[in-house]
Amino acid sequence: MKWGERVEVLREKVLEERPLIHHITNLVVTNITANVTLAVGASPVMAYAPEEVADMVRLSRCLVLNMGTLTAGEVDAMLLAGRAANEAGIPVVFDPVGAGATPFRTKTAQMLVRELQIDILRGNASEIAALGGLHANTRGVEAGEITIPAGQLARKVARDLKTVVIVTGATDYVSDGERLLAVDNGHAMLAAVTGTGCSATSVVAAFRAVEDDGVTAGAAALACYGLAAEHAAAVSRGPASFQVALLDALYNLRGEKLSSGVKIREL
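Residues numbered from 1 in each chain as written. Predicted model: local features only at pLDDT ≥ 70, side-chain atom pairs only at ≥ 80, totals over all residues. Heavy atoms only, no water.

Peer 1: Can you walk me through the overall build of the protein chain in this structure?
Peer 2: Each helix and strand in the protein chain was counted, giving 11 helices and nine strands. Relative to its length of 267 residues, the protein chain is compact, with a C-alpha radius of gyration of 17 Å against a globular reference of 18 Å. Put simply, the protein chain has 267 residues, and 58% of those count as buried. Considering only contacts in the protein chain between residues 6 or more positions apart, those separated by 24 or more positions represent 70%. Roughly 10,900 Å² of accessible area belongs to the protein chain as shown, and the carbon and sulfur atoms make up 52% of that amount. In the protein chain, which carries 24 positive and 29 negative side-chain charges, the distance between the mean positions of the two groups comes to 3 Å. (Helix = DSSP H or I, 4+ residues; strand = E, 2+ residues; numbered from the N terminus. Rg over C-alpha atoms; globule rule 2.2 N^0.38 Å. Buried < 20%, exposed > 50% of the residue type's maximum accessible area, 1.4 Å probe, protein only. Contact = heavy atoms within 4.5 Å. Areas by Shrake-Rupley, 256 points an atom, 1.4 Å probe, with all protein chains shown as cover. Lys, Arg positive; Asp, Glu negative; His and termini not counted. Charge placed at Lys NZ, Arg CZ, Asp CG, Glu CD.)

Peer 1: Honestly, the pattern of salt bridges in this entry has me stumped. Any pointers?
Peer 2: Working definition: two side chains of opposite charge can pair if their charged atoms are close together. Tallying each qualifying case throughout the model produces 11 salt bridges. Two residues, E12 and R254, come together in a salt bridge whose shortest N-O distance is 2.8 Å. Here E12, found in helix 1 (residues 3-17), pairs with R254, found in the loop between helix 10 (239-252) and helix 11 (255-259); they are 242 residues apart in sequence, far enough to count as distant. With a relative accessible area of 41%, R254 lands in the partly exposed category. The closest approach of N and O atoms between K156 and D160, which form a salt bridge, is 2.6 Å. Of this pair, K156 and D160 both sit in helix 7 (residues 150-161), four residues apart, which is roughly one turn of the helix. (Salt bridge = Lys/Arg side-chain N within 4 Å of Asp/Glu carboxyl O.)

Peer 1: Sorry if this is basic, but what is going on with the sheet that holds strand 9 (residues 264-266) here?
Peer 2: Sheet strands pair by backbone hydrogen bonding; their relative direction is either parallel or antiparallel. The strand order across the open sheet formed by nine strands is 2-1-3-4-5-6-7-8-9, and the pairing between neighbours is mixed. With one partner strand each, in any of the chains shown, strand 2 (43-46) and strand 9 form the two edges of the open sheet. In this sheet, neighbouring strand axes are inclined to one another by 20 degrees on average, regardless of whether the strands run parallel or antiparallel. As paired elements, strand 6 (residues 164-168) and strand 7 (residues 172-175) share three bridges and run antiparallel to each other. Within the sheet, the bridge partner assigned to V167 lies in strand 7 and is Y173. (Pairing = 2+ DSSP bridges. Axes fitted to C-alpha atoms, helices over the stretch in contact; angles between N-to-C directions.)

Peer 1: Explain the pairing of strand 1 (residues 20-24) here, please?
Peer 2: A regular strand places its side chains so that they alternate between the two faces of the sheet. Strand 1 sits mainly inside the fold: four of its five residues count as buried. Both strand 1 and strand 2 contribute to a ladder of four bridges, which runs parallel. Considered in strand 2, the bridge of I21 is made with P44. In this view, the connection linking strand 1 to its parallel neighbour strand 2 by way of helix 2 (residues 30-40) has right-handed handedness. Bridge analysis of strand 1 against strand 3 (residues 62-66) gives four bridges, and the strand direction is parallel. Each residue of the ladder has a partner; that of H23, found in strand 3, is V64. (Right-handed = clockwise from strand over helix to strand, strands pointing away.)

Peer 1: Would you take a moment to explain the packing of aromatic side chains for this structure?
Peer 2: Considering all chains together, one arrives at zero aromatic pairs under this definition. In this arrangement the basic side chain of R6 is found over the ring face of W3, its NZ or CZ atom lying 4.2 Å from the centre. (Phe/Tyr/Trp six-rings, centres within 6.5 Å; stacked < 30°, edge-to-face > 60°. Lys NZ or Arg CZ within 6 Å of the ring centre and 35° of its normal.)

Peer 1: Please clarify how the side chain of T25 should be interpreted in this entry.
Peer 2: By the element assignment, T25 lies in the loop between strand 1 and helix 2. Every residue in contact with T25, bar those within four places of it in the chain, is listed here: T30, T33, M46, Y48, N66 and E74.

Peer 1: Hey, could you run me through helix 5 (residues 103-115) in this one?
Peer 2: The α-helix advances 3.6 residues per turn, and as a result positions three or four apart in sequence lie on the same side. Across its 13 residues, helix 5 extends 18 Å between first and last C-alpha, which sits within 8% of the 18 Å expected from 1.5 Å per residue. Among the residues of helix 5, R105, T106, T108, A109, M111, L112 and V113 are the ones counted as buried. Tucked into the core, helix 5 has its buried residues touching helix 4 (72-88), strand 4 (92-95), helix 6 (125-131) and helix 7. (Expected span 1.5 Å × (residues − 1).)

Peer 1: Sorry if this is basic, but what is going on with the environment of S126 here?
Peer 2: Mapped onto the fold, S126 is located in helix 6. Judged by its relative accessible area of 0%, S126 is buried. Sequence separation between S126 and L250 is 124 residues; the distance between their C-alpha atoms is 28 Å.

Below, the structure written as structure tokens:
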């Protein structure tokens, strides 16, 4: 089956099964990630209270951990939810926002990766480099410079951490330490709206909820999301209209329009 057809099949599975995706995410992006999850066909829930996160994750098909606005209480909730997900066999997708920027963020991200079984780790190059013990110059929560090609970085960190690693950028790379895929879909306008990286993580989680292979799920999700961004950019006039158009494009992107636009390469 060609990659375009694979992506189309998984997109339809998300729409048919409407998996519940439990997010413990940051205050900046809650609204857009919830709406992106809905637009792609899944169902979002944002639950943070330590008193309920374990119960909520057991009702879900995938758990998203995102440390964009990190607090000590949120770390405790992530550990509780992540352990419950691991015990129940529910996949965990981790977005280590800002890892490498401060000691608190870096140590927290490293601790979560050490303490939990992470199914997919999705971040920009400097965040992934920080988790891989490589030099990275993270600027706030934005990507900084690294000294290793992004594809090589994805494969190395995936092998070291024994998980699927996604490094997002102008080209996205997905690896499990052996296989390496490149996704060329996307648009520069994604960088002009806050929360678009976090939203990509939500789409990855939705696809992972219906696909056991993390590499396939990750590449398919990013191709779908990136292609939607291309369609949105074509009809938008700036960041505000792009955000609205992105939701519409994700909601409407199906069939031939999706399968014919997918750009996934096996490296």
